[in-house]
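One-letter residues, chain by chain:
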Amino acid sequence: MNGSEERMAECLDARERWNARYGARAVGLWHAPSPFLREHLALLPRGPVLELAIGEGHNAIFLAQQGFSVTGIDISEVAVTHALQLARQTGITIEAQVMDLRGAMLPVAAYSVVACFYYLQRDLFPQIIAALKPGGMVVYETYTIEQARSGHPTNPAYLLQPNELLRVFKGLRVRVYRDLIVEGPKAVASVIAEKL
């Protein structure tokens with residue numbers, strides 16, 4: 001297999017894995033949005049929001065309920081279908097599309113907020129920053145390396161190193177940062193940073 005054939009096979013494997021995971025869940029079950037997002041909602045500028053790896057859309061729906069225009073992206077068509085169904089059930093409109101972020105090109109200076117929860121693809125960080133409008137904010141939360149001690153995931157490729165988000169977003173104004181163990185227990189790092 002050449003490089004592009006290998007990437008296509010990886011994409012299909014990831015899509016099938018996530019479709020199976022979301023397909024095993026009941027459709028239309030509401031889960032609370034991220035506590036970090038809820039706690040810091042007032043910091044976020046109004047305008048279009050992009051959520052990466054939207055899953056079943058709980059954070060996107062919450063943001064739409066607060067008056068944001070939200071677009072979500074996920075590799076799983078099952079997750080996107082669930083997100084759109086849940087949005088309709090709650091009387092909310094969101095946009096959601098199936099896309100493999102590993103080959104994505106995010107639009108430049110298009111969003112007031114780019115959010116990502118529990119998905120780590122390091123080569124996307126420069127695109128996330130570029131996708132923000134001036135004054136826009138990134139909201140990012142995912143597992144740290146300490147998570148490997150208490151459960152899934154354990155692969156270091158999907159776990160942040162200490163202070164990694166601070167280094168990645170050092171060109172932005174960090175408004176909120178935390179690195180701690182939260183209920184679950186889950187070892188996470190979270191940041192909200194503003195593009196000046």
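Quick summary incoming for the structure in this document. (Residues numbered from 1 in each chain as written. Predicted model: local features only at pLDDT ≥ 70, side-chain atom pairs only at ≥ 80, totals over all residues. Heavy atoms only, no water.)

What to know about the environment of leucine 159
Here is step 1 of the chain: Looking at the element boundaries, leucine 159 is found in the loop between strand S5 (132-143) and helix H6 (164-168).
Here is step 2 of the chain: For the pair leucine 159 and tyrosine 118, spaced 41 residues apart in sequence, the C-alpha to C-alpha distance is 9.4 Å.
Here is step 3 of the chain: Among residues more than four places away in sequence, those in contact with leucine 159 are Leu120, Arg122, Tyr143, Thr144, Ile145, Gln147, Ala148, Pro153, Thr154 and Glu164. (Helix = DSSP H or I, 4+ residues; strand = E, 2+ residues; numbered from the N terminus. Contact = heavy atoms within 4.5 Å.)

Examining helix H4 (residues 77-89)
Here is step 1 of the chain: Between its terminal C-alpha atoms H4 stretches 18 Å, which fits the 18 Å expected from 13 residues at 1.5 Å a residue.
Here is step 2 of the chain: All of the buried residues in H4 are Ala79, Val80, His82, Ala83, Leu86 and Ala87. One side of H4 carries all its buried residues, which in axial view fall inside an arc of 160 degrees. Along H4, exposed side chains directed more than 90 degrees from the buried face belong to Arg88 and Gln89.
Here is step 3 of the chain: Residue serine 76 occupies the N-cap position of H4, its side-chain oxygen lying 3.2 Å from the main-chain nitrogen of valine 78. (Expected span 1.5 Å × (residues − 1). Buried < 20%, exposed > 50% of the residue type's maximum accessible area, 1.4 Å probe, protein only. Arc of directions from axis to C-beta. Polar contact = N/O pair within 3.5 Å; in protein donor to acceptor, adjacent residues only side chain to side chain.)

Describing the side chain of serine 190
Here is step 1 of the chain: Its place among the elements puts serine 190 in strand S7 (residues 186-194).
Here is step 2 of the chain: For serine 190, a relative accessible area of 0% corresponds to the buried category.
Here is step 3 of the chain: A polar side-chain atom of serine 190 sits 2.5 Å from a polar atom in the side chain of glutamate 141.
Here is step 4 of the chain: Those residues in contact with serine 190, other than ones at most four positions away along the chain, are Phe36, Tyr140, Glu141, Leu165, Val176, Tyr177 and Arg178.

Quick look at the side chain of aspartate 100
Here is step 1 of the chain: Tracing the backbone shows aspartate 100 in the loop between strand S3 (95-98) and strand S4 (111-117).
Here is step 2 of the chain: Here arginine 102 takes part through its backbone nitrogen, which lies 3.0 Å from a polar atom of the side chain of aspartate 100.

Description of the sheet that holds strand S6 (residues 173-182)
Here is step 1 of the chain: The strand order S3-S2-S1-S4-S5-S7-S6 describes an open sheet built from seven strands, whose pairing is mixed. Two strands close off the open sheet at either side, each with one partner strand: S3 and S6. If you compare each strand with its neighbour and ignore which way they point, the axes differ by 10 degrees on average.
Here is step 2 of the chain: In this structure, S4 lies alongside S5, joined through six bridges in parallel fashion. (Pairing = 2+ DSSP bridges. Axes fitted to C-alpha atoms, helices over the stretch in contact; angles between N-to-C directions.)

Description of the pattern of salt bridges
Here is step 1 of the chain: The full count for this structure, using the stated rule, is five salt bridges.
Here is step 2 of the chain: Notably, a salt bridge pairs arginine 122 with glutamate 164, separated by 2.6 Å at the nearest N-O pair. Of this pair, arginine 122 sits in the loop between S4 and helix H5 (125-131) while glutamate 164 sits in helix H6, and the two are 42 residues apart along the sequence.
Here is step 3 of the chain: Residue classification places arginine 122 among the partly exposed positions, given a relative accessible area of 31%.
Here is step 4 of the chain: Residue glutamate 164 is classed as buried on the basis of its relative accessible area of 8%. (Salt bridge = Lys/Arg side-chain N within 4 Å of Asp/Glu carboxyl O.)

Quick look at the environment of valine 168
Here is step 1 of the chain: Mapped onto the secondary structure, valine 168 falls in helix H6.
Here is step 2 of the chain: Residues valine 168 and arginine 122 lie 46 residues apart in sequence; the distance between their C-alpha atoms is 9.0 Å.
Here is step 3 of the chain: Valine 168 has contacts with Phe125 and Ile129, leaving out every residue within four places of it along the chain.

All we've got here are geometric facts, nothing functional implied.
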